[in-house]
Amino acid sequence: MMRITAAVPLREVPRWALLERELLAVLDQAWRRFAERFCEPDGRLRYAGRMYGRDGVDDFYEPFFNWPALYRLGGADDLLGAAKHHWEGVTRQLTELGFVRDEYEVGYDWFHQGESLPLFLGICAADPDDAAFRARARRFADFYLPGSSTGNYDASTRTIVAPHTGSGGPRWGVGEDWEEYRADQAGMEIYGLPLRDLPDLREWDDLRAPGAAARMGRAMQERMGRGDTAVNLAATTLATNAWLYAQEARYADWALEYIDAWRERAAVNDGVLPDNVAPDGTVGGLHGGAWYGGHYGWTWPHGLHSIASAAIVAALNSVALTGELDRLDFVRGLLDAVLARGAVQDRIASRGSLGPGWADRLEADEETTELLVPYRYGPDGWFDYHPMPLEPVLWLDWISHSAEDSARLERIRAASGSDWNAVRWFHDKEEQGHEAPWIEFLAGRNPGYPEAALELALGQVLRRLGLIDEAPDEPEDGDIHFWQRLNPVVTEILTQLVTGAPPALYYGGLSHARILVADGRRGRPGLPADVAALVRAATSAQVAVELVNLGPDEQTVILTSGAFGEDRIDAATYAVAVPGYPGDPRDYAIPHAPSRSERVAVGSARLVVVMPPRTRISLDLAITRRAYGAHHQSFAGSIKENA
């Protein structure tokens, strides 16, 4: 690997670098405090409650979902071992509760399975040399491949055969909780009726009629509990993750076959991804020919929120598998369909099923205007208007940098009545929501974002630590969402600033990056001690990254282009001190020692940067994206050897 040495002395310490290192230090205390308060010695969560129905596996893994991501950014050396310990402890706990078999979910929908996966996927990415997790990755993917003993996939129709699947095979129906769909079920009225074409059941209060709740429940079990549904696209992450280890063709072949089947269905539906396929392979076969109405589909409960997430997860998987961008079409189609029906409106909080949450995220009052788009579709057409979600739109632009995808993002920005530079004190379990000010920073329009965002992240951690101190040691009344509200690990901002990428999509997405950092001296991923990193710009052919060594010891930073080593660093341009200047050019008494720019050819996915004590370097990297095949990186061996 090409090796260069930082030569610019650190005379003025960037505030963002101090905040970044402070955040890493506070996070190291925070995850330990969480484990101490809420976990048993074997890694499981303290929980004396009972589990009912099919729901809950995701809620036990979610409190740890971003711990491996923090390790890969520079978290403590023992954090990776802790993440593995808790994954294994929770897996044993859920096996005893009857919800997990063969270390995997027995059978549930892929909206929730996607929420279960980030902890596991993060461990695989952080330590590809772990043979046990490699074996698990292959075994879990095998549950969905053609010919599997689980029977989850029908190769003749190119469908996952049920909305609820897993290690136990297809689990017919939509769960015991929905044997009746009653009007008094707390929290569900805001989403309305799951099926809107049943005779005499068109309004919520119609469920109160004698026998109506049971009739709706039966229809849900029969029509929504069989056949394929669009959120199953997230299952392709299992195959992609397994493929990244050794590029076994069978994993890529299945994932692409399944994605292409859905692309074809979208193409004949005016570009809009349908949400259901009957057991015989026909779209709408269980819904009177309608392309909408499937489980976690366009009609109920979340519409665009769940559909777009599954679609972009699958599309990004296809790019990792092939290095090609052609399979982004079905995501563009569904986004353009809702954008075509969008309108700039106010009163965000009082609209639709998700209005209060959007108002909180945007700090919107009744006069705040945004481009609102329909999230759902039913027999009466499009409905349930909310602000356009930035995550799928941003991911398309991030992965392609095409004029089409950039224009879509700019259209939303131009229509927004919010301040895109504002860093709002908002936090949800998905670790998303601050895309707009980051986009503005990368575009050069929001220079103060790193400092403001890192202050936000520090505040989020301290707030969670305060809640931990006030909380009981385990959930009261069996509340399985208790822990995820208290997880003090925050990684959204660090991921943006250090890797130049959004955080992984919460519902089953793999982690992507423009740049990965590794510690060459210790042979592990993440920032070395006292080193901070900031990606200042990222285009289709360039990444600008700054490194700062705040400490007294020399450090070695290894930069990898792309999360899977798929990009090539063609050249690096950086500043070097001018020799012959009176006195030592690194003399701290000299306010501004002169420097000149130097460009070196690299021709590799990796670049070694030696950071002497108290130095900084600004690198302008010329990049060819997807020049190599993607694969999981091995830090414990090759990085240490080459450093």
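Peer 1: Which parts of the structure should I look at to understand the overall build of the protein?
Peer 2: In terms of helices and strands, the protein carries 19 helices and 20 strands. Taken over C-alpha atoms, the radius of gyration comes to 25 Å for the protein, in line with the 26 Å a tight globule of 643 residues would show. Residues counted as buried form 62% of the 643 residues belonging to the protein. Restricting the contact set of the protein to residue pairs at least 6 apart, pairs at least 24 apart contribute 74%. In the structure as shown, the protein presents an accessible area of about 22600 Å², 49% of it carried by carbon and sulfur atoms. Averaging the coordinates of the 63 positive side-chain charges in the protein and doing the same for the 93 negative ones gives two points 3 Å apart.

Peer 1: Can you walk me through the packing of aromatic side chains in this structure?
Peer 2: Geometrically, a pair of aromatic rings is defined through the distance of the ring centres and the angle of the planes. What the rule picks out here adds up to 41 aromatic pairs. On the numbers, 5.0 Å between centres and 80° between planes, the contact of phenylalanine 64 with tryptophan 67 is edge-to-face. Phenylalanine 64 gets classed as buried once you look at its relative accessible area, which sits at 0%. Taking the centre distance of 6.1 Å and the plane angle of 80° together, the rings of tyrosine 153 and tyrosine 258 count as edge-to-face. Taken as a pair, tyrosine 153 in strand 5 (residues 153-154) and tyrosine 258 in helix 10 (residues 249-267) lie far apart in primary sequence, 105 residues in all. Residues tyrosine 153 and tyrosine 258 agree in their burial class; the two are buried. Pairwise contacts between aromatic rings join Trp31, Phe34, Phe38, Tyr47, Phe60, Phe64, Trp67, Phe482 and Trp483 into one cluster. Seen from the ring of phenylalanine 133, arginine 136 lies directly overhead, with NZ or CZ sitting 4.6 Å from the centre.

Peer 1: Any chance you could explain helix 16 (residues 435-442) here in plain terms?
Peer 2: An α-helical turn contains 3.6 residues, so any two residues separated by three or four positions project in the same direction. By the criterion of burial, helix 16 is predominantly enclosed, with seven of the eight residues buried. Looking at the buried residues of helix 16, the elements they touch are helix 13 (355-362), helix 14 (390-400), helix 15 (403-415), helix 17 (449-470), helix 18 (492-499) and strand 14 (531-538). Just downstream of helix 16, glycine 444 is the residue with a positive phi angle, here 85°.

Peer 1: What is the right way to look at the sheet that holds strand 9 (residues 343-345) in this model?
Peer 2: Sheet strands pair via backbone hydrogen bonds, and the direction of the pair is either parallel or antiparallel. Reading across the sheet, the three strands line up as 9-10-11 and stay open at both edges, with antiparallel pairing between neighbours. The sheet is open, and its two edges are formed by strand 9 and strand 11 (381-387), each paired on a single side. Taking each pair of neighbouring strands and ignoring which way they run, the sheet shows an average axis angle of 50°. Looking at chain direction, strand 10 (residues 370-378) and strand 11 are connected through six bridges and run antiparallel. Across the sheet, residue arginine 376 finds its bridge partner in strand 11, namely phenylalanine 383. Of the strands in this sheet, strand 10 and strand 11 are in contact with helix 13, which crosses strand 11 at around 30°.

Peer 1: In this structure, what is going on with the sheet that holds strand 1 (residues 2-5)? I would like to understand it.
Peer 2: With mixed pairing, the five strands of this open sheet are ordered in space as 1-19-16-12-13. Here the strands that pair on one side only, and so sit at the sheet edges, are strand 1 and strand 13 (524-525). Across five bridges, the pairing between strand 12 (residues 515-519) and strand 16 (residues 555-561) is antiparallel. Bridge pairing in strand 16 places isoleucine 515 opposite serine 561.

Peer 1: Which parts of the structure should I look at to understand helix 7 (residues 131-142)?
Peer 2: Between its first and last C-alpha, helix 7 extends 17 Å over 12 residues, near the 16 Å set by a 1.5 Å rise per residue. Those residues of helix 7 that sit buried are Phe133, Arg136, Ala137, Phe140 and Ala141. In an axial view of helix 7, the angular spread of the buried residues amounts to 125°, which keeps them on one side of the axis. In this fold, the buried residues of helix 7 make contact with helix 4 (79-96), strand 4 (104-105), helix 6 (118-126), helix 9 (236-246) and helix 10. Measuring from the backbone nitrogen of alanine 132 back to the side-chain oxygen at the start of helix 7 gives 3.0 Å, which picks out aspartate 130 as the cap.

Peer 1: Hey, could you run me through the confidence of the model for the protein in this one?
Peer 2: In low-pLDDT regions, the fine details of the predicted coordinates are not to be read closely. Per-residue confidence for the protein gives a mean pLDDT of 95, with 95% of residues at or over 70. In the model, residues 581-591 has pLDDT below 50 throughout and makes 23 contacts with residues more than four positions away in sequence or in other chains.

Peer 1: Any chance you could explain the packing of helix 17 against helix 18 here in plain terms?
Peer 2: Helix-helix packing is characterised by the crossing angle of the two axes and by the distance between the axes. In the contact formed by helix 17 and helix 18, the axes pass within 9 Å of each other and the chain directions differ by 150°. With respect to helix 18, the axis of helix 17 lies roughly antiparallel. Classified by chirality, the crossing of helix 18 by helix 17 is left-handed. Each of Tyr449, Pro450, Ala453, Leu454 and Ala457 in helix 17 lies in contact with helix 18, whose residues at this interface are Ile493, Leu494, Gln496 and Leu497.

Peer 1: Would you mind showing me how to read the pattern of salt bridges here?
Peer 2: Tallied over the full model, the rule gives 50 salt bridges. For the salt bridge of aspartate 127 with lysine 84, the shortest nitrogen-to-oxygen distance reads 2.6 Å. Pair noted here: aspartate 127 is in the loop between helix 6 and helix 7 and lysine 84 is in helix 4, with a separation of 43 residues, a long-range link. You'll find aspartate 127 and lysine 84 in the same group, each marked buried. Linking arginine 136 and glutamate 103 is a salt bridge whose minimum nitrogen-to-oxygen distance equals 3.0 Å. Of the two residues, arginine 136 sits in helix 7 while glutamate 103 sits in the loop between strand 3 (100-101) and strand 4, which places them 33 residues apart along the sequence. Overall, the relative accessible area of 9% leaves arginine 136 in the buried class. In this structure glutamate 103 comes out as partly exposed when scored by relative accessible area, which is 24%. Members of the salt-bridge network, linked through shared partners, are Glu88, Asp102, Glu103, Arg136 and Arg139.

Conventions adopted
Residues numbered from 1 in each chain as written. Predicted model: local features only at pLDDT ≥ 70, side-chain atom pairs only at ≥ 80, totals over all residues. Heavy atoms only, no water. Helix = DSSP H or I, 4+ residues; strand = E, 2+ residues; numbered from the N terminus. Rg over C-alpha atoms; globule rule 2.2 N^0.38 Å. Buried < 20%, exposed > 50% of the residue type's maximum accessible area, 1.4 Å probe, protein only. Contact = heavy atoms within 4.5 Å. Areas by Shrake-Rupley, 256 points an atom, 1.4 Å probe, with all protein chains shown as cover. Lys, Arg positive; Asp, Glu negative; His and termini not counted. Charge placed at Lys NZ, Arg CZ, Asp CG, Glu CD. Phe/Tyr/Trp six-rings, centres within 6.5 Å; stacked < 30°, edge-to-face > 60°. Lys NZ or Arg CZ within 6 Å of the ring centre and 35° of its normal. Pairing = 2+ DSSP bridges. Axes fitted to C-alpha atoms, helices over the stretch in contact; angles between N-to-C directions. Expected span 1.5 Å × (residues − 1). Arc of directions from axis to C-beta. Polar contact = N/O pair within 3.5 Å; in protein donor to acceptor, adjacent residues only side chain to side chain. pLDDT = per-residue confidence, 0-100. Parallel < 35°, antiparallel > 145°, perpendicular 65-115°, else oblique. Left-handed = near helix turned anticlockwise from the far one by under 90°. Salt bridge = Lys/Arg side-chain N within 4 Å of Asp/Glu carboxyl O.

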